[in-house]
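Structure at a glance
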Amino acid sequence: MGDDDLRRKERLLRAWADDLDRKGFTDLQVNLERFPVKPHGFGEHVPDVVATRGDGRRLVGEIWLCESLDKDDRMFARAMSYAYRGDVVMLLVPFDCLDEAEDMVREWGLSSEVFVQAIID
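All of the points below concern the structure found in this document. Position numbers for residues start from 1 in each chain and track the written sequence from start to end. Thresholds applied to this predicted model are a pLDDT of at least 70 for local features of residues and 80 or more for the giving and counting of side-chain atom pairs; totals over whole chains, interfaces and linings are not thresholded and use all residues. Side-chain metrics in this entry use all non-hydrogen atoms of the structure; hydrogen atoms and water are not considered.

**Quick look at the side chain of Thr52**
Put simply, DSSP H or I for four residues or longer makes a helix, DSSP E for two residues or longer makes a strand, and each gets a number counted from the N terminus. As for its position among the elements, Thr52 is in strand S2 (residues 49-52). Residue classification places Thr52 among the buried residues on the basis of a relative accessible area of 18%. Side-chain polar atoms of Thr52 contact the side chain of Asp27, separated by 3.3 Å. Beyond its immediate chain neighbours, meaning those up to four positions away, Thr52 contacts Phe25, Thr26, Asp27 and Arg57. Only protein chains enter the accessibility calculation, which uses a 1.4 Å probe; a residue is then buried when its area is under 20% of its type maximum, exposed when over 50%, and partly exposed in between. Here a polar contact is taken to be a pair of N or O atoms separated by no more than 3.5 Å, where protein atoms must pair a possible hydrogen donor with a possible acceptor and residues adjacent in sequence count only if both atoms sit in side chains. Contacts are assigned to residue pairs that have any heavy atoms within 4.5 Å of one another.

**Description of the nonpolar core**
To qualify as a nonpolar core, a set must consist of buried Ala, Val, Leu, Ile, Met, Phe, Trp, Tyr and Cys residues joined through side-chain atoms within 4.5 Å. Core analysis: the largest hydrophobic core is formed by 22 residues, its most contacted members being Trp64, Leu91, Val93, Trp108 and Val116. The set of elements that each furnish at least two residues to this core consists of helix H2 (72-85), strand S4 (88-94), helix H3 (98-108) and strand S5 (114-119). Looking at which element gives the most residues to this core, the answer is H3, with 5 residues. If we skip the residues at most four places from it in the chain, Trp64 touches Leu69, Met75, Ala79, Leu91, Leu92, Val93, Pro94, Met104 and Trp108. Ranked by size, the runner-up nonpolar core spans 18 residues in total, among them Leu12, Trp16, Ile63 and Met90.

These results come straight from atomic positions and should not be treated as a statement about function.
Listed below in structure tokens is the structure:
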């Protein structure tokens, strides 16, 4: 991932964390260098966001840029890891590749565990 992609992802991640905080999510953990708490308790795959919803369910989330969707095997392993450790998995992707990401998750058969949502960049 290039510097521009990293900066873009960090900006999107900060906006997502702020949005979750405003919506009342608690125990917010964000995979950024300068954030109070980084996600812990994960092995090889560390998600971008971990938070607890108002109903007590654990959200595990990640931002997937369109370029990363080509790495199908790695993305599947990540999604499975998150589905195992969270009640709800949320994948945020740019509008440009929303259909592609939704198709990929459907092919994996994880649609009941994993939700794909578009982000406005």
